[in-house]
Amino acid sequence: MKENKLVSLSMDFSVKIIKLCENIKGHYSLVNQLERSATSIGANIHEANYAHSKPDFIAKLQIALKECYETEYWLELFVKSELIHRENASVLYHQCGTLRRILIASINTAKSNQNQ
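What counts, and at which threshold
- Residues numbered from 1 in each chain as written.
- Predicted model: local features only at pLDDT ≥ 70, side-chain atom pairs only at ≥ 80, totals over all residues.
- Heavy atoms only, no water.
- Axes fitted to C-alpha atoms, helices over the stretch in contact; angles between N-to-C directions.
- Helix = DSSP H or I, 4+ residues; strand = E, 2+ residues; numbered from the N terminus.
- Parallel < 35°, antiparallel > 145°, perpendicular 65-115°, else oblique.
- Left-handed = near helix turned anticlockwise from the far one by under 90°.
- Phe/Tyr/Trp six-rings, centres within 6.5 Å; stacked < 30°, edge-to-face > 60°.
- Buried < 20%, exposed > 50% of the residue type's maximum accessible area, 1.4 Å probe, protein only.
- Core = buried A, V, L, I, M, F, W, Y, C linked by side-chain atoms within 4.5 Å.
- Contact = heavy atoms within 4.5 Å.
- Salt bridge = Lys/Arg side-chain N within 4 Å of Asp/Glu carboxyl O.
- Polar contact = N/O pair within 3.5 Å; in protein donor to acceptor, adjacent residues only side chain to side chain.
- Lys, Arg positive; Asp, Glu negative; His and termini not counted.

> Where do I start with the packing of helix 2 (residues 28-48) against helix 3 (residues 54-80) in this structure?
Two packed helices can be described by the angle between their axes and the distance between those axes. It is at 8 Å that the axes of helix 2 and helix 3 come closest, and there the two elements cross at 155 degrees. If you check the angle between helix 2 and helix 3, you find them roughly antiparallel. The crossing of helix 2 and helix 3 is left-handed.

Here you go:
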């Protein structure tokens, strides 16, 4: 099931972000923002699996998608600020993009199933 894959991918992504943030010295407020947005992706996906209704399920996935976009922003800011090297961020960009694409597909599927 796609949601189980999504839960697993988002957990792996969160762990990698946490490990990355452990190695960044200073800029604690920025590191906190990256950690919060990245880990929120998986938390909202997990919460969506226990939604009370289809609209609630869709809303949780949409929040996860917004957090995914925010995480991409923080990663790019960290790269441009030279807090992390682009090479180190490339795997994270790729994983975040994969999560984003799956979330978009899942939201679209849920919306189309809701209308039927």
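> What am I meant to see in the packing of aromatic side chains here?
To describe a pair of aromatic rings, you give the distance between the ring centres and the angle between the ring planes. Tallied over the entire structure, the rule returns 1 aromatic pair. Note on Y73 and W74: the rings are 5.1 Å apart at their centroids and 70 degrees apart in plane angle, and the pair reads as edge-to-face. On the basis of relative accessibility, which here comes to 12%, the residue W74 falls in the buried class.

> I keep staring at the nonpolar core and nothing clicks. Help me out?
Across soluble globular proteins, you tend to see nonpolar side chains buried next to one another. Within the largest apolar cluster, 32 residues are counted, with the highest numbers of intra-cluster contacts made by F13, I17, L34, I41, L75, I84 and L103. For this core, the secondary structure elements donating two or more residues are helix 1 (2-22), helix 2, helix 3 and helix 4 (86-114). Considering each element in turn, this core owes the most residues, 10 residues, to helix 3. With residues near it in sequence (within four places) discarded, L103 still touches L6, I41, I45, L61, A64 and L65.

> Would you mind showing me how to read the pattern of salt bridges here?
Close approach of charged atoms lets side chains of opposite charge pair. All chains considered together, the criterion is met by 5 salt bridges. In this structure, E76 engages K80 in a salt bridge whose closest nitrogen and oxygen atoms are separated by 3.9 Å. One end of the pair, E76, and the other, K80, are both in helix 3, 4 residues apart, so they sit about a helical turn from each other. For E76, a relative accessible area of 23% puts it in the partly exposed group. A salt bridge links R86 to E76, with the nearest nitrogen and oxygen atoms 3.1 Å apart. Here the residue R86 occupies a position in helix 4, and E76 occupies one in helix 3, the gap between them amounting to 10 residues. The class for R86 is partly exposed, based on a relative accessible area of 40%.

> Explanation requested: the environment of S37 in the structure shown.
Along the polypeptide, S37 turns up in helix 2. Classification of S37 by relative accessible area gives buried; the value is 1%. As a C-alpha pair, S37 and Y69 span 32 residues in sequence and 8.9 Å in three-dimensional space. Every residue in contact with S37, bar those within four places of it in the chain, is listed here: E67, E70, T71 and W74. A distance of 3.3 Å separates the side chain of S37 from the backbone oxygen of L34, its partner in a polar contact.

> Which parts of the structure should I look at to understand the side chain of E67?
The residue E67 is located in helix 3 in this model. Buried and without a salt bridge, E67 has R36 as its closest oppositely charged side chain, separated by 7.7 Å. For E67, the contacting residues outside a window of four places in its chain are S37, S40, I41 and N44.

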